[in-house]
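Each chain, written out:
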Amino acid sequence: MREISTQLVEETVCSLFLSACCEIGSDVLGLLNAALDREESPFGREVLRQLIENDELAARRRMPICQDTGMAVIFMEVGQDVHFTGGDINEAIETGVRRAYREGCFRASVLTPLGRVNTKDNTPAIVHTRIVPGDRVTLTAAPKGFGSENMSRLFMLTPSQGVQGVKDAVVEAVRLAGGNPCPPVVVGVGIGGTAEYAMLMAKHSLTRECGEPSPDPELAAMERELLERINCLGIGPQGLGGRTTALAVHIEQMHTHIAGLPVAVNMQCHAARHKTAVI
Amino acid sequence: MVKQIHAPLQPEELASLRAGDSVLLSGTIYTGRDAAHKRMCALIADGQALPFDVRGQVIYYAGPCPAKTGDVIGSCGPTTSSRMDAYSPLLCGLGLIGMIGKGPRGPQVVEAIQRNGGVYFAATGGAGALIAGCVKAVNVIAFDDLGTEAIRELKVENLPLIVAVDAHGGNLYEQGPAQYRRE
């Protein structure tokens, strides 16, 4: 049994969001630079240049990369030998988020869905918790903007549609999204499970280093194929036309039911923000 | 070549704009996004006055971050314009000239732009920190209770934009992708 204070969790959540909203990862910056080298469209190149300049400026000035500092999504893996001390773990996470959004001058974008009443501190967070072996806690902060979130889709395919149906669904989701989700995008895909689990996998896949292939060779091959097909759509940076519609496709899979083939697509804009800490 | 233009746009300046033009916009524009549009259209439906006269003006679909101490404004990039498609034809009909946002517009907005002689500019989505540097003054003029979604008057200098939809049938969101699509 290892004791971890909820105060430490709060501090960690706060510092992860402060960093994630202002400092784009070297993974994304590397992919943007590589895309700039390849992009043929003059508008596409201009947009990519602006994005790289913006990301560097944001990190230097500790400003948010994008004014949409998102809903605060957190993936938390808790070792089964951990005992949280010092208060309510859920409250600690909310306080960490609240502090980060206030201290960072991040936008308060969270409101009640029907009455549209803003909570003014960007809480509540969306927390996905998993119990794992060991005595550590892994926290990943992934602020999620809604320009791209709005373009996410769930396809409940039938088994007859098979692998080809899965591939076509993903490409179709990106095509229908067009210039809306702030391309170049990272396409998160969850295949199998249940309806809600497929989308959770799609979301979780976005916490992988951008462009790192799936450890599963079959999925890695599908990621490469889909990235190529998506970049033939012509949508391009910001939808103004070009070769760079997506920076990466990330896929996760899970067993499913004999009657089904769920495919979830969670769209992520080029501000693919995610920071992880292990306590 | 990059054109320098000024808001509010003069008729001859507006008439010269074509989809695919890169421009640097200076002058006065107004922020307004989902909630502000909804309120404005409710005011119109009730026959009440809008918080500012939209005739000849440019609306920027943006909800900025709070300003850090010493800054004019926080990150301030465009939001997805298609969510405003439900409201834009009404505002264009009242004389709104320009819209700034990101992403394609629906056919009803493209048609309203052509019918009323307007223009839709694309700003770079996700370049919020860069765009904040173009904002020289900010003044909340309406719906302060909406927080980031309040209507703000912005004084901007050299805001980099691309003319995406013009009044003459040009639409970069159709022409651009068609040029680079590969079967």
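Just so it is clear, the model here is predicted, and its values are computed rather than measured.

As for the side chain of A:D121
All names here are of chain A.
At step 1: You can see D121 is positioned in the loop between α4 (89-103) and β4 (126-132).
At step 2: At a separation of 2.7 Å, a polar atom in the side chain of D121 contacts the side chain of T123.
At step 3: When sequence neighbours within four positions are dropped, the list of residues in contact with D121 reads R98, Y101 and A108.

Description of the packing of aromatic side chains
At step 1: As enumerated under the stated definition, the model contains four aromatic pairs over all chains in all.
At step 2: Ring geometry for A:F17 and A:Y101: centres 6.0 Å apart, planes at 55°, overall tilted. With A:F17 in helix α1 (residues 6-22) and A:Y101 in helix α4, this pair connects stretches of sequence that are 84 residues apart.
At step 3: Here A:F17 falls in the buried class, since its relative accessible area comes to 0%.
At step 4: Assessed through its relative accessible area of 4%, A:Y101 is described here as buried.
At step 5: Here the aromatic residues A:F17, A:Y101 and A:F106 are joined through ring pairs into a cluster of three or more.
At step 6: Over the face of the ring belonging to B:Y120 we find B:R105, whose NZ or CZ atom lies 4.9 Å from the ring centre.

Some details on the sheet that holds strand β8 (residues 246-254) of chain A
Residues and elements named next belong to chain A.
At step 1: In spatial order, the strands read β6-β9-β7-β8; together these four strands make up an open sheet with mixed pairing. Two strands in the sheet have a free side with no partner beyond their single neighbour: β6 (153-157) and β8. Recorded for the sheet is a direction-independent mean angle of 15° between the axes of neighbouring strands.
At step 2: Of the pairings in the sheet, the one linking strand β7 (residues 185-192) to strand β9 (residues 261-268) comprises six bridges and is antiparallel in character. Counterpart to V189 in the pairing with β9 is V265.
At step 3: Where helix α6 (residues 162-177) meets the sheet, it contacts β6, β7 and β9, and its direction lies at approximately 30° from that of β9.
At step 4: Helix α8 (residues 217-230) rests against β7 and β8 of the sheet, and its axis sits at about 145° to β8.

Things to note about the domain arrangement of chain A
Quite often, the size of an interface is put as the accessible area lost when its parts meet.
All names here are of chain A.
At step 1: Domain boundaries assigned for chain A yield domain 1 (2-20 + 65-144) and domain 2 (147-272).
At step 2: Placing a centre on the C-alpha atoms of domain 1 and another on those of domain 2 gives a separation of 26 Å.
At step 3: Each partner contributes to the interface: domain 1 provides six residues, whereas domain 2 provides 12 residues.
At step 4: Buried surface at the junction of domain 1 and domain 2, both sides included, amounts to about 690 Å², of which 71% is carbon and sulfur.

Some words on the interface of chain A and chain B
At step 1: Chain A puts 40 residues into the contact, and the matching count from chain B is 42 residues.
At step 2: For the pair chain A and chain B, the two sides together bury roughly 3,300 Å², of which 57% comes from carbon and sulfur.
At step 3: When residues of chain A are sorted by the area they lose upon contact with chain B, A:F43, A:Q67 and A:L240 head the list and together hold 19% of the total.
At step 4: Scanning the region where chain A abuts chain B turns up one salt bridge.
At step 5: A salt bridge links A:R61 to B:D71; the shortest N-O distance between them is 3.0 Å.
At step 6: Here the element with the most residues in the side of chain A that touches chain B is helix α3 (residues 42-61) of chain A; it accounts for 10 residues.
At step 7: Considered class by class, the residues forming the side of chain A that touches chain B number 19 nonpolar, 15 polar and six charged.

Here we look at the layout of surface pockets
At step 1: Considered as a void within the structure, the largest pocket measures approximately 1,100 Å³ in volume.
At step 2: As for the largest pocket, its lining consists of 45 residues, and the residues nearest its centre are A:S109, A:L111, A:R116, B:R33 and B:E149.
At step 3: Those elements giving two or more residues to the lining of the largest pocket turn out to be α5 (146-149) of chain A together with α2 (34-45) of chain B.
At step 4: It is α2(B) that provides the largest number of residues to the lining of the largest pocket, a total of four residues.
At step 5: Counting only domains with at least three residues in the lining of the largest pocket, you end up with domain 1 (2-20 + 65-144) and domain 2 (147-272) of chain A.
At step 6: The volume enclosed by the second largest pocket comes to roughly 440 Å³.
At step 7: Lining the second largest pocket are 21 residues, and of these A:R175, A:G178, B:Y173, B:P177 and B:R181 lie nearest its centre.
At step 8: Taken together, the elements giving at least two residues each to the lining of the second largest pocket come down to α6 of chain A together with α4 (107-116) and α6 (172-180) of chain B.

Focus: the sheet that holds strand β5 (residues 137-144) of chain A
Pairing between the strands of a sheet is mediated by backbone hydrogen bonds and can be parallel or antiparallel.
Residues and elements named next belong to chain A.
At step 1: Taken together, the four strands give an open sheet; going across it, the order is β4-β2-β5-β10, and neighbouring strands pair in mixed fashion. Only two strands of the sheet have a single neighbouring strand rather than two, namely β4 and β10 (275-278). Strand-to-strand twist of the sheet, defined as the mean angle between neighbouring strand axes without regard to direction, takes the value 15°.
At step 2: Of the strand pairs in this sheet, β5 and β10 are connected by four bridges, and their pairing is antiparallel. When the sheet's bridge partners are listed, L139 is paired in β10 with A277.
At step 3: Packing of α1 onto the sheet brings it into contact with β2 (71-79), β5 and β10, and relative to β5 it is tilted by some 40°.
At step 4: The sheet strands contacting α4 are β2, β4 and β5, and the helix crosses β2 at an angle near 140°.

Cut-offs used in this document
- Numbering of residues begins from 1 in every chain and follows the order in which that chain's sequence is written.
- Labels are handed out in written order, letters beginning with A for the chains and numbers beginning with 1 for the ligands.
- For this predicted model, a pLDDT threshold of at least 70 governs which residues receive local features, and a threshold of 80 or more governs which side-chain atom pairs are given and counted, while totals over whole chains, interfaces and linings are taken from all residues.
- Only heavy atoms go into the side-chain values, all of them from the structure, while hydrogens and water stay out.
- Numbering of helices and strands starts at the N terminus; helices are DSSP runs of H or I of at least 4 residues and strands are runs of E of at least 2.
- The definition of a polar contact used here is a pair of N or O atoms within 3.5 Å, where within protein one atom must be able to donate a hydrogen and the other to accept one, and adjacent residues in sequence count solely through side-chain atom pairs.
- In this analysis, two residues are considered to be in contact whenever any of their non-hydrogen atoms come within 4.5 Å of each other.
- Planes of paired rings set the category: under 30 degrees apart is stacked, over 60 is edge-to-face and the rest tilted, where pairs are Phe, Tyr or Trp rings (Trp by its six-membered ring) whose centres lie within 6.5 Å.
- Working definition: with a 1.4 Å probe on protein chains only, accessible area under 20% of the residue-type maximum means buried, over 50% means exposed, and in between means partly exposed.
- By the criterion adopted, a ring carries a charge over it if an Arg CZ or a Lys NZ lies within 6 Å of its centre and within 35 degrees of its normal.
- For two strands to be treated as a pair, DSSP must find at least two bridges joining them.
- As a rule, the C-alpha atoms of each element are fitted with a line to give its axis, helices using only the stretch in contact, and angles between N-to-C directions run from 0 to 180 degrees.
- Reported domain spans reflect what an automatic or database domain assignment gives.
- As used here, buried area is the combined drop in accessible area, with a 1.4 Å probe, of two parts when they are placed together.
- Any carboxyl oxygen of Asp or Glu that lies within 4 Å of a side-chain nitrogen of Lys or Arg is treated as forming a salt bridge with it.
- Residue polarity is assigned by list, with Asp, Glu, Lys and Arg as charged and Ala, Val, Leu, Ile, Met, Phe, Trp, Tyr, Cys and Pro as nonpolar; anything else, Gly included, falls into the polar class.
- A pocket, in this scheme, is an open set of points on a 1 Å grid over the protein atoms alone with protein on both sides within 12 Å along at least 5 of 7 lines, while a cavity is a set where a 1.4 Å probe fits but cannot get out; residues line either one if an atom lies within 4 Å of a point.
- Grid points are joined across faces, edges and corners, and a volume is the space filled by probe spheres set on the points.

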